[in-house]
Amino acid sequence: MRKLIILLILISLLSSTVNAAEFTAPQAPESAQKYMPYQQKTFWEDLWWIVQNAIKDLMPSFSETVRLCVSLIGLALLISLLSNFKGVSLQTVELAGALLTAVLLLEPSKALVRLGVDTVKEISEYGKLLIPVMASALAAEGGVTTAAALYAGTILFNTVLSTAVTKLISPLVFIFLAAMIGNAALTSSTLESIGKMVKWLITWILKVIIFLFTGYISITGVISGTTDAAALKAAKLTLSGVVPVVGGMISDASEAVLVSASVMKNAAGIYGLLAIAAIFVSPFITIGVQYLLLKATAGACKAFGVKPVSIVTECFTSAMGFLLAMTGVVTLLFLFSTTCYMKGIA
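Note that the coordinates shown come from a computational prediction; the quantities given were computed from them, not determined experimentally.

Some remarks on the overall build of the chain
Thinking step 1. Summing up its helical and strand segments, the chain has 12 helices and 0 strands in all.
Thinking step 2. Residues counted as buried form 49% of the 346 residues belonging to the chain.
Thinking step 3. Residue pairs at least 24 apart in sequence account for 82% of intrachain contacts in the chain once pairs closer than 6 positions are excluded.

In structure tokens:
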């Protein structure tokens, strides 16, 4: 398979002599176009432009999430008051609290799961268009073997990851929620064990994929070079804290992106990185805001001593963490692949 890919790239190179700078990245998807800068400046300025535009679009969903969190805190206070009345069954009140919390959170969470899955699909589809362009550009500069190895690895891991997200991880998220809601309502150790096992499985799948991919990229020998130590340390700390579940592993591999940022001379690669960021940033911020607000709400409900509401809220917070992790991993895959191609081209 590898020899066949190399042969096809060689044939394309023999048919026309081109320079890597002449290759053009595919246009960003329509959903990402509104975040793209009108005129390209430096990479970091353009990236900041994308983030700013994504934050501006955040207000409607932010307002809805705030209202949801206020409703949850109000429910927790109501459950706390009812629990103090004589003649009221504490078990019934706690059961009602757990179920009402689940009802309030289920629909917004389903929408965010769909958003996360759609984002993964969109990044995956755009990556399938971008990677052949980058592979051709690298091959045009003489890196035929490296281009073929990177192309084969990226396409393989993209297929595995996108299939895992759509067919396995997203259903597992709902299984996790069902088990943990049942545990909060019924205080069932069996359901709690099922929920913990599913959580471990989701985490394991994402970590194994990112470990194998970064290992493969390292074996190809493309990740090399030096970068500013302070900038690298700051980026690692940021990534480790921002992306739940797999943040530590992503931060350990962040050097590839920073190293390539200093050698960004390929216009197709720069545009491709910005397009991936434009697809990724808005959904990631939307899910991330809900994650943070629900985490704070769960802490407030716990302070009121309303255990069922806090437990269910924490479960949905964990689900948001899974969504952040899976979108982060698929974005990482294409960012690293693209920067590795750019490193070779430079």
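Considerations on the confidence of the model for the chain
Thinking step 1. With 77% of its residues at a pLDDT of 70 or more, the chain has an overall mean of 77.
Thinking step 2. Averaged pLDDT values for the elements of the chain fall to 44 in helix α8 (residues 229–242) and rise to 88 in helix α11 (residues 267–303).
Thinking step 3. Predicted confidence for residues 223–242 stays below pLDDT 50, and this span has 30 contacts to residues more than four positions away or in other chains.
Thinking step 4. Confidence drops under pLDDT 50 across residues 253–265; counting only partners more than four residues distant or on other chains, this segment forms 34 contacts.

Observations concerning the packing of helix α4 (residues 59–83) against α11
Thinking step 1. α11 packs onto α4 with a crossing angle of 15° between their chain directions and a minimal axis gap of 10 Å. On the basis of their axis angle, the class for α4 and α11 is roughly parallel. For the pair α4 and α11, the sense of crossing is right-handed. Residues S61, F62, T65, V66, L68, C69, L72, I73 and A76 of α4 form the contact with α11, whose participating residues are T286, V289, Q290, L293, L294, T297, A300 and C301.
Thinking step 2. For the contact of α4 with α11, the class distribution of residues is 12 nonpolar, 5 polar and no charged.

What to know about the packing of aromatic side chains
Thinking step 1. Tallied over the entire structure, the rule returns 4 aromatic pairs.
Thinking step 2. Consider the rings of W200 and W204, whose centres lie 6.1 Å apart with planes at 25°: the pair is stacked. Taken together, the positions of W200 and W204, both in helix α7 (residues 189–219) and 4 residues apart, correspond to about one turn of that helix.
Thinking step 3. Judged by its relative accessible area of 53%, W200 falls in the exposed class.

Digging into helix α5 (residues 90–140)
Thinking step 1. Between its first and last C-alpha atoms α5 spans 72 Å; for 51 residues at 1.5 Å apiece the expected length is 75 Å, and the two agree.
Thinking step 2. Of all bends in α5, the biggest is about 35°, found at L106, and the proline P108 comes one to four residues later.
Thinking step 3. Phi turns positive, to about 105°, at G142, one or two residues after α5.

Side note on the pattern of salt bridges
Thinking step 1. Overall, the coordinates contain 4 salt bridges when judged by the stated rule.
Thinking step 2. Across the pair D57 and K34 runs a salt bridge, and its minimum N-O distance is 3.3 Å. One end of the pair, D57, is in the loop between α3 (43–56) and α4; the other, K34, is in the loop between α2 (30–33) and α3, with 23 residues separating them in the sequence.
Thinking step 3. The salt bridge partner of K128 is E125, with a shortest N-O separation of 3.4 Å. Separated by 3 residues within a single helix, K128 and E125 lie in helix α5, roughly one turn from each other.
Thinking step 4. Overall, K128 belongs to the partly exposed group, its relative accessible area being 38%.
Thinking step 5. Among the residues examined, E125 registers a relative accessible area of 45% and is labelled partly exposed.

Here's the deal with the packing of α3 against α11
Thinking step 1. Closest axis-to-axis distance for the α3/α11 pair is 9 Å, and the angle between their directions is 25°. Judged by the inter-axis angle, α3 sits roughly parallel to α11. Relative to α11, the crossing made by α3 is right-handed. Contact with α3, carried on its side by F43, D46, L47, I50, V51, A54 and I55, involves I270, L273, L274, A277, A278, V281, S282 and I285 of α11 and no other residues of that element.

Definitions and cut-offs
Residues numbered from 1 in each chain as written. Predicted model: local features only at pLDDT ≥ 70, side-chain atom pairs only at ≥ 80, totals over all residues. Heavy atoms only, no water. Helix = DSSP H or I, 4+ residues; strand = E, 2+ residues; numbered from the N terminus. Buried < 20%, exposed > 50% of the residue type's maximum accessible area, 1.4 Å probe, protein only. Contact = heavy atoms within 4.5 Å. pLDDT = per-residue confidence, 0-100. Axes fitted to C-alpha atoms, helices over the stretch in contact; angles between N-to-C directions. Parallel < 35°, antiparallel > 145°, perpendicular 65-115°, else oblique. Left-handed = near helix turned anticlockwise from the far one by under 90°. Nonpolar A, V, L, I, M, F, W, Y, C, P; charged D, E, K, R; others polar. Phe/Tyr/Trp six-rings, centres within 6.5 Å; stacked < 30°, edge-to-face > 60°. Expected span 1.5 Å × (residues − 1). Bend = angle between axes of the 7 residues up to and from the residue. Salt bridge = Lys/Arg side-chain N within 4 Å of Asp/Glu carboxyl O.

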